[in-house]
Amino acid sequence: MFRLVARITMLSWVPLLTRLVALASSTGSHGCKCISTDDCWPDASAFAKLASEVSQPLVQPFPTASACYPVSDPSGNCTEVQTLWGDGNWRSNQAGSMQESNYETFTFDNGTISACYRDTALGVPCEQGSVPVIGVDARTLEDVQAGVKFARVHNLRLVVKNTGHDFLGRSAGRGSFVIWTHHMKNITVHGAGVQWHEAYDAANGANRTLVGGLSAGGSVGAAGGWLLGGGHSALSPTYGLGVDNVLEISIVVASGEHIKANSHKNTDLFWALRGGGGGTYGIVTSVTYRTHPLQQVIAGFLTTSIKSSTPGTPPILVKLISEFFRMSPNLSDAGWGGYGLMAPSAPGESLAMQFVAIAPNSSWSAANDSFLPLIANVASLAANSSIDDGGLLNITFASTFPVESFHAWLTQFIDSGTAETGGNVMIGSRLLPKALLDVNSTRAAETWLGLPGITFHLVAGGAVSKTDPDATGLNPAWRKGVLHAAFGSGWPEGTSSADIEQIANGIKQNLTLIENLSPNAGAYLNEASLFETDFQQTFFGNHYHKLKAIKKRYDPTDLFIVPKGVGSEDWDEQLHCRRRK
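On a predicted model such as this, the values are computed, not experimentally measured, just so you know. (Residues numbered from 1 in each chain as written. Predicted model: local features only at pLDDT ≥ 70, side-chain atom pairs only at ≥ 80, totals over all residues. Heavy atoms only, no water.)

(A) Quick look at the sheet that holds strand β5 (residues 158–161). The 3 strands are arranged β4-β6-β5 in an open sheet whose pairing can be described as parallel. The open sheet has two edge strands, β4 (134–137) and β5, and neither has a second partner. Strand-to-strand twist in this sheet, taken as the mean axis angle between neighbours without regard to direction, amounts to 20°. Sheet strands in contact with helix α5 (residues 141–153) are β4, β5 and β6 (177–180), and its direction is about 165° off that of β6. (Pairing = 2+ DSSP bridges. Helix = DSSP H or I, 4+ residues; strand = E, 2+ residues; numbered from the N terminus. Axes fitted to C-alpha atoms, helices over the stretch in contact; angles between N-to-C directions. Contact = heavy atoms within 4.5 Å.)

This is the structure in structure tokens:
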């Protein structure tokens, strides 16, 4: 086993009834939460008292670019901001920084945008936007408990932030109070703020392999939203999702009590935490993961280029993606997992597929039995393609080869990339089920190739599909899926709210297209759209009502509430006031 833990002192168990009585008396039972512009916001003496109860000074987050303002006399190191803007790990270290900058902004009903732009030449003043205004820089369990108690007593709009990796804006909230868990870690005992690059290094040092999130730089948190939302990985087709590999979760719930949830204790909460979403049931302080032997893995690569003499999507590209879709179930069943994206291989060329994959726990020969047929089929398509007749397909690189370990593969081919964070982006996604790919891969390819910025993650099927759909709170759609596919659109700083709304409308239209392609196929809630109209079904499936019932048991006043999270339909769009029934 590999355990991610904070420096903690175990508390005695408090009966559930006691928790409910305490919470029922809180001021959050009805009406609105308190934000910084409200008269109910705590005064300086209240914050001073909180500061005396925690191990670090209270943190006052600012937007990422704030160091560059005022322009005439910057308040901080603006050169650092400009240089490291897209570095995910650097952004994780800034209390007010989100991995995607648009979640730091706030748009008023009249279309005015409150933001702090990196491009100071726009002449727009730096404003707080949706960045929380004050909070606890949690380093210990007691810090978390003090922050939770303070937020509950004062009925504050509470935000929980780890690294800020999020596409639903769950790590931000205008006028909110934040509990920042990023620093809950140390060298030998790893806590809730641990990022995957740190966890992978530790597991590798112990000659073990850990199923976790993958991103350039490894800046995603290892004990936060990634796990609570399901947690996909290139290792998932072999070892399962993050929720299938967790043995125990320690969490501070709304009462301030610190409890353990596992298969023997607080089993209802353990079920809900595995797929019910981050920031919803409490604040995770530690996670115990199952680990796997450190062993040789097989790397697989297939990169292509396409040239076409006509505009639009080349027919050869549809054939290529259709073939990849069709063969994906066999690949995942054989243990292959990986990541595909669509990008031109050179300026002026059409989109083409780039695919990097890994087969752990497999011999080179066995891995080739499933991967080489994909290469052969694509080679056949290339041999029969023409630039003037549907487009010319070329294979620029195709190979499989052994790599010393998962850690080595990760270091050489994933972490060596550049993390593209700090932009303004909206995304949408769907799980692509085996039933669709088996019988209608061409229609699936045609539909998805009509969307902007598409990626395909081979992170389901295989071991994921062999787990009982009701074993965890995760959307059961994951057990039928093979690919997690996403699309997205971005825009430059300074874009008007009207133009951003047009981009949002395009996202909404595309969500309708992919839902019609495969109704109720579900989506990975950590990489999805805020515009999902039936988020309960799309993100949680038929587990939603049980997830909500468990939330009410541990958080009856909705201290923890996030956009498109369990129970959020009871609140207004800003999660400020309850909707009238």
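There is more to say, and it comes next.
(B) A look at the confidence of the model for the protein chain. Averaged over all residues, the pLDDT of the protein chain is 90; the fraction at 70 or higher stands at 90%. The low-confidence segment residues 1–29 (pLDDT under 50) makes 80 contacts with residues lying over four places distant or belonging to another chain. Here residues 186–191 is modelled with pLDDT under 50, and outside its nearest four sequence neighbours on either side it reaches 16 contacts, counting other chains as well. (pLDDT = per-residue confidence, 0-100.)

(C) View of the nonpolar core. Of all hydrophobic cores here, the largest spans 61 residues; its most connected members are Leu214, Leu269, Tyr281, Phe406 and Trp409. When residues of this core are assigned to their parent elements, the largest contribution, 5 residues, is made by helix α9 (residues 267–273). Ignoring anything within four residues of it in the chain, the contact list for Phe406 reads Tyr200, Thr209, Leu210, Leu214, Leu235, Gln295, Val297 and Ile358. Ile306, Leu317, Met353 and Val378 belong to the second-largest nonpolar core, a separate cluster that totals 60 residues. (Core = buried A, V, L, I, M, F, W, Y, C linked by side-chain atoms within 4.5 Å. Buried < 20%, exposed > 50% of the residue type's maximum accessible area, 1.4 Å probe, protein only.)

(D) Region of the structure containing the packing of aromatic side chains. Per the counting criterion, the structure on display carries 20 aromatic pairs. Between Trp478 and Tyr524, the ring centres sit 5.5 Å apart and the planes meet at 85°, which makes this aromatic pair edge-to-face. Here Trp478 is found in the loop between β17 (455–458) and β18 (481–490), whereas its partner Tyr524 is found in the loop between α15 (497–517) and α16 (535–540), with 46 residues between them in sequence. There is no split in this pair, since Trp478 and Tyr524 are both buried. Taken together, the ring pairs connect Phe324, Phe325, Trp336, Phe355, Phe371, Trp448, Phe456 and Phe487 into an aromatic cluster. (Phe/Tyr/Trp six-rings, centres within 6.5 Å; stacked < 30°, edge-to-face > 60°.)

(E) Quick look at the pattern of salt bridges. Tallied over the entire structure, the rule returns 17 salt bridges. A salt bridge links Glu323 to Arg326; the nearest nitrogen and oxygen atoms lie 2.6 Å apart. Taken together, the residues Glu323 and Arg326, both in helix α10 (residues 315–333) and 3 residues apart, mark about one turn of the helix. For Glu323, a relative accessible area of 15% gives the class buried. Of the charged contacts, one joins Arg578 and Asp558 as a salt bridge, the two residues approaching to 3.6 Å between their closest N and O atoms. Here Asp558 lies in the segment after α17 (544–554) and Arg578 lies in the segment after α17, a separation of 20 residues in the sequence. Taking relative accessible area as the criterion, Asp558 reaches 0% and is therefore assigned buried. (Salt bridge = Lys/Arg side-chain N within 4 Å of Asp/Glu carboxyl O.)

(F) Representation of the environment of Val131 in the model. Looking at where Val131 falls in the secondary structure, it is placed in the loop between β3 (113–114) and β4. On a C-alpha basis, the gap between Val131 and Thr64 in space is 9.5 Å, while along the polypeptide they are 67 residues apart. Discounting chain neighbours no more than four positions away, the residues touching Val131 are Pro61, Phe62, Pro63, Gly96, Glu104 and Gly173.

(G) Quick look at α17. Restricting attention to buried positions, one finds in α17 the residues Tyr544, Leu547, Lys548, Ile550, Lys551 and Tyr554. Down the axis of α17, the smallest arc covering the buried residues is 160°, so these residues share one side. (Arc of directions from axis to C-beta.)

(H) Structural detail: the sheet that holds β18. Taken together, 7 strands build an open sheet; the order of strands is β15-β12-β14-β13-β17-β18-β16 and the sheet is antiparallel. Bordering the open sheet on either side are β15 (392–403) and β16 (425–433), each of which pairs with just one other strand. Each adjacent strand pair in this sheet contributes to an overall mean axis angle of 15°, direction not counted. Bridge count for strand β13 (residues 337–344) against β17 is 4 bridges, and the pairing is antiparallel.

(I) Examining the pairing of β16 more closely. With 9 of 9 residues buried, β16 lies mostly within the body of the structure. Neither face of β16 is exposed, since Val425, Ile427, Ser429, Leu431 and Pro433 on one face and Met426, Gly428, Arg430 and Leu432 on the opposite face are all buried.

(J) Up close: α5. Under the 1.5 Å per step criterion, the end-to-end length of α5 is 18 Å for 13 residues, consistent within 8% with the ideal 18 Å. Within α5, 10 of the 13 residues are buried, which leaves it mostly tucked inside the rest of the structure. All of the buried residues in α5 are Leu141, Asp143, Val144, Gln145, Ala146, Gly147, Val148, Phe150, Ala151 and Arg152. Trailing α5 by a residue or two, Asn155 shows a phi angle of about 55°, which is positive. (Expected span 1.5 Å × (residues − 1).)

(K) The arrangement of unusual backbone geometry in detail. For the bond running from Tyr69 to Pro70, omega is -10°, close enough to zero to count as cis. Phi angles above zero are rare outside glycine, and Asn266 is one such case at about 50°. Locating Asn266 in the fold gives a position in the loop between β9 (258–262) and α9. Phi is positive for Leu575, which is not a glycine, with a value near 60°. The topology assignment puts Leu575 in the segment after α17. Relative accessible area serves as the criterion here: at 3%, Leu575 is assigned to the buried category.

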